[in-house]
Amino acid sequence: MPAKDRKIAFMGFRSVGKSSLIIQYVENQFVDSYDPTIENTFAKHTKVGGQEYNLLVVDTAGQDEYSVIPQSYFININGYVLVYSVNSQKSFDVVKHVYNKIIDMKGRMTVPIVLVGNKKDLRIERVISEEEGKHLAESWKVPFLEASAKENSSVKDIFDTVLNTIKQKENGETPE
Ligand code: GDP
Ligand code: MG
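The following refers to the structure shown.

**Here we look at the packing of helix H1 (residues 18–27) against helix H4 (residues 155–170)**
Helix-helix packing: each pair is described by the crossing angle between the helix axes and the interaxial distance.
Move 1: Where H1 contacts H4, the axes come no closer than 9 Å and their chain directions differ by 90 degrees. When the axis of H1 is compared with that of H4, the two are roughly perpendicular. Two secondary-structure elements touch here, H1 through Leu 21, Ile 22, Gln 24 and Tyr 25 and H4 through Val 155, Lys 156, Ile 158 and Phe 159.
Move 2: Class assignment of the residues belonging to the contact of H1 with H4 gives a composition of six nonpolar, one polar and one charged.

**Describing the pattern of salt bridges**
Move 1: Applying the stated rule across the entire model yields six salt bridges.
Move 2: Lys 90 is the salt-bridge partner of Glu 65, the closest N and O atoms lying 3.6 Å from each other. With Glu 65 in the loop between strand E3 (51–59) and strand E4 (79–85) and Lys 90 in helix H2 (residues 89–106), this pair connects stretches of sequence that are 25 residues apart.
Move 3: A relative accessible area of 35% means that Lys 90 is categorised as partly exposed.
Move 4: Across the salt bridge formed by Arg 123 and Glu 151, the nearest N and O atoms sit 3.9 Å from each other. Note that Arg 123 is positioned in the loop between strand E5 (113–118) and helix H3 (130–140) and Glu 151 in the loop between strand E6 (144–146) and H4, a separation of 28 residues in sequence.
Move 5: Look at Glu 151 and you get partly exposed, because its relative accessible area is 46%.

**Quick notes on the site of ligand 1**
Move 1: Taken together, 18 residues are adjacent to ligand 1, and Ser 15, Lys 18, Ser 19, Ser 20 and Asp 121 come closest.
Move 2: Within the backbone of Ser 15, one N or O atom sits 2.7 Å away from an oxygen atom of ligand 1.
Move 3: Take Lys 18: an N or O atom from its side chain is 2.7 Å from an oxygen atom of ligand 1.
Move 4: Coverage of ligand 1 by the protein chains reaches 87% of its 580 Å² of free accessible surface.
Move 5: For the shell around ligand 1, the leading source of residues is H1, giving three residues.
Move 6: Residue composition of the shell around ligand 1, grouped by class: six nonpolar, six polar and six charged.

What counts and what doesn't
Residues numbered from 1 in each chain as written. Chains lettered and ligands numbered in written order. Predicted model: local features only at pLDDT ≥ 70, side-chain atom pairs only at ≥ 80, totals over all residues. Heavy atoms only, no water. Axes fitted to C-alpha atoms, helices over the stretch in contact; angles between N-to-C directions. Helix = DSSP H or I, 4+ residues; strand = E, 2+ residues; numbered from the N terminus. Parallel < 35°, antiparallel > 145°, perpendicular 65-115°, else oblique. Contact = heavy atoms within 4.5 Å. Nonpolar A, V, L, I, M, F, W, Y, C, P; charged D, E, K, R; others polar. Salt bridge = Lys/Arg side-chain N within 4 Å of Asp/Glu carboxyl O. Buried < 20%, exposed > 50% of the residue type's maximum accessible area, 1.4 Å probe, protein only. Near = heavy atom within 4 Å. Polar contact = N/O pair within 3.5 Å; in protein donor to acceptor, adjacent residues only side chain to side chain. Areas by Shrake-Rupley, 256 points an atom, 1.4 Å probe, with all protein chains shown as cover.

Here is the structure:
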């Protein structure tokens, strides 16, 4: 089977760890300060479930509750990773706004999305419980993971999950 081309976008409030998750996955390192304004696309070759992928990962500069999402984030994107951080209520609110914007554009049943609660290593600062994240994802009928870019926990899972979700949608499988 030839490698499939896939392009995914990371979205969510600023400072939730979008760039850190991507760089941990692509470069196997945790960068402590990465310019938050950079919009970059990263490439990685990977294999999931026997299928090879040429993966492009779009790292967005971040959204807030008022953001109008640029058209470029809707064109040629196969799937979305929506990230909040477990120590930020604001980021949890913003992820709902971003979800609604994507659904308005793409339609609920067709768009592959994975919800990620990052910074799970920040145990004391946590304000969003794992249950809350899980409930939100269930209401959207999308996969949910908690992760830590810092501890490299569940980072590869995010990418495997979004690629599998894209594949399921293409095959017309519904998660319900
Ligand atoms: P972005 O704006 O969403 O791209 O966020 P960044 O990746 O730039 O991360 C923002 C800040 O959070 C940086 O200081 C990171 O070092 C830190 N950070 C990112 N991921 C984690 C994590 O999993 N745990 C902790 N404790 N800090 C993190
Ligand atoms: Mg960033």
